[in-house]
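Residue strings, one per chain:
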Amino acid sequence: MADRGQYGVLLVTGGASHQENYGPGFQADPRCRIIGVADEAQADGRRKLLNRSLAEEMKVPLLPDLDAALRRRDVQIVSVCTEHERQGRVAIRCAEAGKHLYIDKPVAGDLAEARKAASIVQQKRLRSQMFTTLNLPYAQRAMRIVRSGWLGEVRAIHCDLMFAKGHTGSAPLGKARKESYPPRRFLFPDAKREMFNIAVYSLALIRWLTGRREVRSVRAVTGNYFFNENVQRDFEDFGALAVRLDGGLTATIMCGRIGWMSHLSGGHNVVRLSGTRRNVAIDASQPRVEVASDRPPWQIPPRDPDDPMGFWRSTQQKAGIRPRPEWYVPELLPVRSDQSLFIDCVEQDREAECTIADGVAVLEVLMAAYKSAATGKVANLPLSA
Amino acid sequence: MAYLDWLDRTLQAKLAEKPVGEPVALRFSLAATEDHGLLIPALARALSLASAWLGSRIERLYAMGSLHDGSVSVLAEPAGGQTAIVSSELARGAIAVRLLLIGNHGTLIWEDSPGADGLKVDFRIEGRSEDQWLREALERSLESGDSEEVRRG
């Protein structure tokens, strides 16, 4: 543990990333002290400005040289949240430096790099955690139901996870998307690969609910249904997966960014579990308070040229986006931040619910999904190295 | 009128208003029978309805699951580039119909538990000619473990 009885946390990359959520999550935990925001020396000019902006917002130092920051003895934990094209190599450097690793999802854009990072973490006996939604009430509720045995043995899991963001209607329709494999790029300021970005949550949930059962095959399709930005970048905005796991268990996933007006809350998020005795559907937006009134209707936020899809907290705050007024979803179970749960694991020297090794397993399924979407055939796992 | 025919008529009428723009994807799950032998006919019927709501014939599909386990799902690819995931599962005491239809300008949801109020519901699974081609493709896919074309006539 660092000085003053706190863990020193280094944030690797800053603004316009999920570090805008993770960094404050660590900062809010009294067991942590933020050492600064660091990045690779060769990060581009835009990235350097975004790093500075988060450092200023959080009132922590900007440390422009990642290697120097990783040599600091007051850093025990790194929160890695870089663009996925370089997240694997950055994670490897952080693990080689002997730092416990908190990492954005998916763990990398390159499977070989992800495997190497996980192997170093294991070799050096470090603690690691990939960001997931496993701490959220809907996931906790699903796990409680599975563990209770009320369903009998779970035989199928169906997950729908859609993000209600973005200005839709600009993608030309009428033909199937032509997918490419392996994907090399994942993020531009105006578009993300959304199957990569969103199915990761459902896959992590499915592995967790099934006691880390391995996926044996996947059939997937991707689509461009909503955003011309994604068409221009050759990134899918929608994905569907059919997955077979060990023991004959099956799972299906639908995911996508489908537009601001597609849901009366953050997006459709439903998990259905089919057991040998019962079936159950868990809707993350239920139970809820529903309000119908003559209040002014919710307005679609204006398009922000720096973040037209509404990816980041900072741009949403800048636009003054408020929750939609029609539904109020109360907190069903107490929620602790994903970052605090990781600090528990470091403190108690125990495995996280979703380690980097779990993240690698999920990444492999995602890569297999792209392979399947590109070939039109089932992709079997494990994928060759 | 059988429930699924009534649901079809209801949705077709609503979709004619283009409330969600062009339909691009569908999740449709049907837990409608206690009979393992009816899971595939129910799935074929549900797929046929999915095709009608998406406004495009299903060309290829991938089916997985097991009749023994009481759960079969299919990933379907209609000709117009849309996507559908359709599941047929044992009701296990509670018939459930859930549907999320995604358009390029919004979503349409149908959730119902027919019969949960104690009233009798006509939940016959009546096959149509289109269902037969879908059913054959489903059975071939379950057998091959991969995607199969829907061969018609």
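This one's a predicted model, so the numbers in the text were calculated from it and none came from an experiment.

Caption draft 1: Examining the interface of chain A and chain B more closely. Taken residue by residue, the interface counts 45 residues in chain A and 40 residues in chain B. For the interface between chain A and chain B, the tally reads 4 salt bridges. In this structure, Arg-219 of chain A and Glu-77 of chain B form a salt bridge, with 2.9 Å as the shortest nitrogen-oxygen distance. Here chain A and chain B share 21 residue pairs in polar contact (both at pLDDT 80 or more) between them.

Caption draft 2: Highlighting the nonpolar core. The biggest cluster of nonpolar side chains holds 101 residues, and the ones touching the most others in it are Leu-10, Ile-157 and Leu-273 of chain A. At 12 residues, the largest contribution of residues to this core is made by helix α7 (residues 194-209) of chain A. Excluding residues that lie within four positions of it along the chain, Leu-10 of chain A makes contacts with Gly-36, Ala-38, Leu-63, Leu-66, Ala-69, Leu-70, Val-75, Ile-77, Val-78 and Ser-79 of chain A. Membership of the second largest hydrophobic core comes to 38 residues, among which are Leu-4, Leu-43, Leu-47 and Ala-84 of chain B.

Caption draft 3: Geometry of a nonpolar patch on the surface. All names here are of chain A. Taken together, the side chains of Val-289, Val-291 and Tyr-328 make up a nonpolar region of the molecular surface, amounting to roughly 270 Å² of accessible area. Secondary-structure assignment places Tyr-328 in strand β16 (residues 327-328). A relative accessible area of 51% places Tyr-328 in the exposed class.

Caption draft 4: View of the packing of aromatic side chains. Residues and elements named next belong to chain A. Taken as a whole and judged by the stated rule, the model has 17 aromatic pairs over all chains. Between Trp-260 and Trp-298, the aromatic rings sit 6.3 Å apart at their centres with planes inclined by 50°, giving tilted as the arrangement. Placement of Trp-260 in the loop between β12 (250-257) and β13 (269-275) and of Trp-298 in the loop between β15 (289-290) and α9 (313-319) is noted, with a sequence separation of 38 residues between them. Both residues of the pair, Trp-260 and Trp-298, belong to the buried class. Through pairs of rings, three or more aromatic residues link up here, namely Tyr-22, Phe-26, Tyr-102, Phe-131, Phe-163, Tyr-201 and Phe-342. The residue whose ring lies beneath Lys-192 is Phe-311, and the NZ or CZ to ring-centre distance is 4.6 Å. The ring of Trp-327 is capped by Arg-288, whose NZ or CZ atom sits 3.7 Å from the centre of that ring.

Caption draft 5: Layout of α7 of chain A. All names here are of chain A. Across its 16 residues, α7 extends 23 Å between first and last C-alpha, which sits within 8% of the 22 Å expected from 1.5 Å per residue. Approximately 30° is the largest bend angle found in α7, and it occurs at Val-200. In the stretch just after α7, Gly-211 is the one whose phi turns positive, near 65°.

Caption draft 6: Inspection of the environment of Gln-339 of chain A at higher detail. Residues and elements named next belong to chain A. Looking at the secondary structure, you find Gln-339 in helix α10 (residues 338-348). What makes Gln-339 buried here is its relative accessible area of 5%. Considered as a pair, Gln-339 and His-84 are 255 residues apart in the sequence and their alpha carbons are 20 Å apart. With residues near it in sequence (within four places) discarded, Gln-339 still touches Asn-21, Tyr-22, Gly-25, Phe-26, Tyr-102 and Phe-131.

The rules behind each value
- Residues numbered from 1 in each chain as written.
- Chains lettered and ligands numbered in written order.
- Predicted model: local features only at pLDDT ≥ 70, side-chain atom pairs only at ≥ 80, totals over all residues.
- Heavy atoms only, no water.
- Contact = heavy atoms within 4.5 Å.
- Salt bridge = Lys/Arg side-chain N within 4 Å of Asp/Glu carboxyl O.
- Polar contact = N/O pair within 3.5 Å; in protein donor to acceptor, adjacent residues only side chain to side chain.
- Core = buried A, V, L, I, M, F, W, Y, C linked by side-chain atoms within 4.5 Å.
- Buried < 20%, exposed > 50% of the residue type's maximum accessible area, 1.4 Å probe, protein only.
- Helix = DSSP H or I, 4+ residues; strand = E, 2+ residues; numbered from the N terminus.
- Patch = residues over 30% accessible without salt bridge, like charges linked within 9 Å, V, L, I, M, F, W, Y side chains within 5 Å.
- Areas by Shrake-Rupley, 256 points an atom, 1.4 Å probe, with all protein chains shown as cover.
- Phe/Tyr/Trp six-rings, centres within 6.5 Å; stacked < 30°, edge-to-face > 60°.
- Lys NZ or Arg CZ within 6 Å of the ring centre and 35° of its normal.
- Expected span 1.5 Å × (residues − 1).
- Bend = angle between axes of the 7 residues up to and from the residue.

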